[in-house]
Amino acid sequence: MIKHSGQQVGGPRAAYDPLREGSGGRRKGPALAIWAALVVAAFAAGAVLHTLGMLPIDHLPPLHGHLRTPSVSLLPPLLLAVLAVTVLPAVLARLRFGAALLAVYGTALAWTVLLAVSGEGLARPFTSPYEYQAVLPAVGDDPLSWLGSFTERLPGYPTHVRGHPPLPVLVLWALAKVGLPGPFWAAVLVVVVGCSATVAVAITVRRLAGEESARLALPYLALSPFAVWIATTMDAFFAGVGAWGVALLVFGGRARVLLGVTAGVLLGALPYLSYGLAPYLLIPVVAAVAARISRAVALACLAGAAAVTAAFAAGGFLWPSGVLATHAEWAADPGAARPYLYFLVANLAVLALLTGPATAAGLVRMLPGGMRALVVAAIVAVLALDVSGVTRGEVERIWVPYATWIVLAAAWSPGRRWLAAQALVGLLLQGLVVSPW
């Protein structure tokens, strides 16, 4: 049972020491073997399909990238990983929860930035002509006019703009208007907001499952493999917006109705940031039920979300029309010709890489409670999106908002060895893969 204070009786920390290996090793072995087999099989089958010419636009399927040789530039994130694995769990166990959140956020920022600069640099992906920055001149000084003609002019826009609603472009336009233009500031925004998802997720877990559960999850949120794609794609920004929407919805306190409205605005913005975030809304629904939010907060949240929809409609953009227009563009894109059955499974292998082996091991040890509900909701949302067939490849970025919740399962596999395994996967992804994001 969850107390009103957010503390859970008999939480996971009552059974686990964050510095020592947990029980259940017999079940973790097969889980790790399945994790590895899924990843290896996906790459092996992808190599065969690429050789046969069935995946001409993917050179390292199931990832959308190229293979490279690791360089000495990977040394800084390696040193950070060694330091974090060695001292972070003990430090987090001793700090007050607020200070622990700051430590986790700082570690996540450092981990993400060091991984990015060890490769092509922090801002390079945002300089691509296929990205959102390329459309800003078309927005000019009249964003409302641009918004009203967005669907009509969609075929002439770059790839990522054609595949998304208009809000990402408007976010970068607003960033430039406040005096922070260009790819570098876009990257800073994405990293700052994307890494903040770790804090929002931890706050949500504390509310639903107690502080002990949240503390167990903190090291894995700080040193996650999906950090490889946080500094390189707007999807990390989406992850931060969604995570804070969930956290504010269940936070409670005297200002809970105002927080509910704010949560509604953030969550209502998600479908206008990415069409692939529609299933994500299952997570706040599950969180709201688990937290037993009041009717007033629920209505406030719905009102905030409705306000976002009304604002876009008033500006001339209707979400269903955008979905149809984007689907037409997608159907004409080479990505639509990718084999459905392969990516139905291979997409899950990419999710396994993003969340790491500790998550796979933790999934077989998931304990009842609010944290389990969040993990299950995120998995169900991913499966729904995967089965739909509109995410055939390139999911290493699309899965990031969902991976921030699924990685919570790693909390049931405490121990430095599992944390080290998580960091190792991130280092290998950064060192071996050249990604366009």
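Within each chain, residues carry numbers counting from 1 in the order of the written sequence. In view of the model being predicted, local features appear only for residues whose pLDDT reaches at least 70, and side-chain atom pairs are presented and counted only at 80 or more, with totals across whole chains, interfaces and linings using the full set of residues. For side-chain calculations, the full set of non-hydrogen atoms in the structure is used, while hydrogens and water are omitted.

Participant: Lay out the pattern of salt bridges in plain terms, naming residues and giving numbers.
Facilitator: Pairing is possible between side chains that carry opposite charge, provided their charged atoms lie close to one another. In what follows, salt bridge is the name for a side-chain nitrogen of Lys or Arg lying within 4 Å of a carboxyl oxygen of Asp or Glu. Considering all chains together, one arrives at nine salt bridges under this definition. Ionic pairing is found between glutamate 120 and arginine 68, a salt bridge with its closest N-O pair at 2.4 Å. You can see glutamate 120 sitting in the loop between α3 (97-117) and α4 (136-139) and its partner arginine 68 sitting in the loop between β1 (66-67) and α2 (75-94), a full 52 residues away along the chain. A salt bridge links arginine 215 to glutamate 211; the nearest nitrogen and oxygen atoms lie 3.0 Å apart. Of the two residues, arginine 215 and glutamate 211 are both situated in helix α10 (residues 211-222); the distance of four residues between them amounts to about one turn of the helix. Taking the relative accessible area as the measure of exposure, glutamate 211 reaches 14% and is therefore buried. Each of the salt bridges in this network shares a partner with another, and the network as a whole consists of Asp58, Asp235, Arg338, Glu394 and Arg397. Think of it this way: any DSSP run of H or I at least four residues long counts as a helix, any run of E at least two long counts as a strand, and we number them from the N terminus. Each residue's exposure class comes from its accessible area (1.4 Å probe, protein chains only) as a fraction of the maximum for that residue type: buried when under 20%, exposed when over 50%, partly exposed otherwise.

Participant: Outline the packing of aromatic side chains, supporting the account with residue identities and numerical values.
Facilitator: Ring geometry is summarised as follows: Phe, Tyr and Trp rings, the Trp one being its six-membered ring, pair when their centres sit within 6.5 Å, and such pairs are stacked at plane angles under 30 degrees, edge-to-face over 60 and tilted between the two. Counted by the stated rule, this structure contains 12 aromatic pairs. Note on tryptophan 146 and tyrosine 157: the rings are 6.2 Å apart at their centroids and 45 degrees apart in plane angle, and the pair reads as tilted. Placement of tryptophan 146 in helix α5 (residues 143-148) and of tyrosine 157 in the loop between α6 (150-153) and α7 (159-162) is noted, with a sequence separation of 11 residues between them. Using a relative accessible area of 2% as the deciding quantity, one classes tryptophan 146 as buried. Since its relative accessible area comes to 9%, tyrosine 157 is described here as buried. Every member of this aromatic cluster is reached through a ring pair, and the members are Trp146, Phe150, Tyr157, Tyr272, Phe312 and Phe317.

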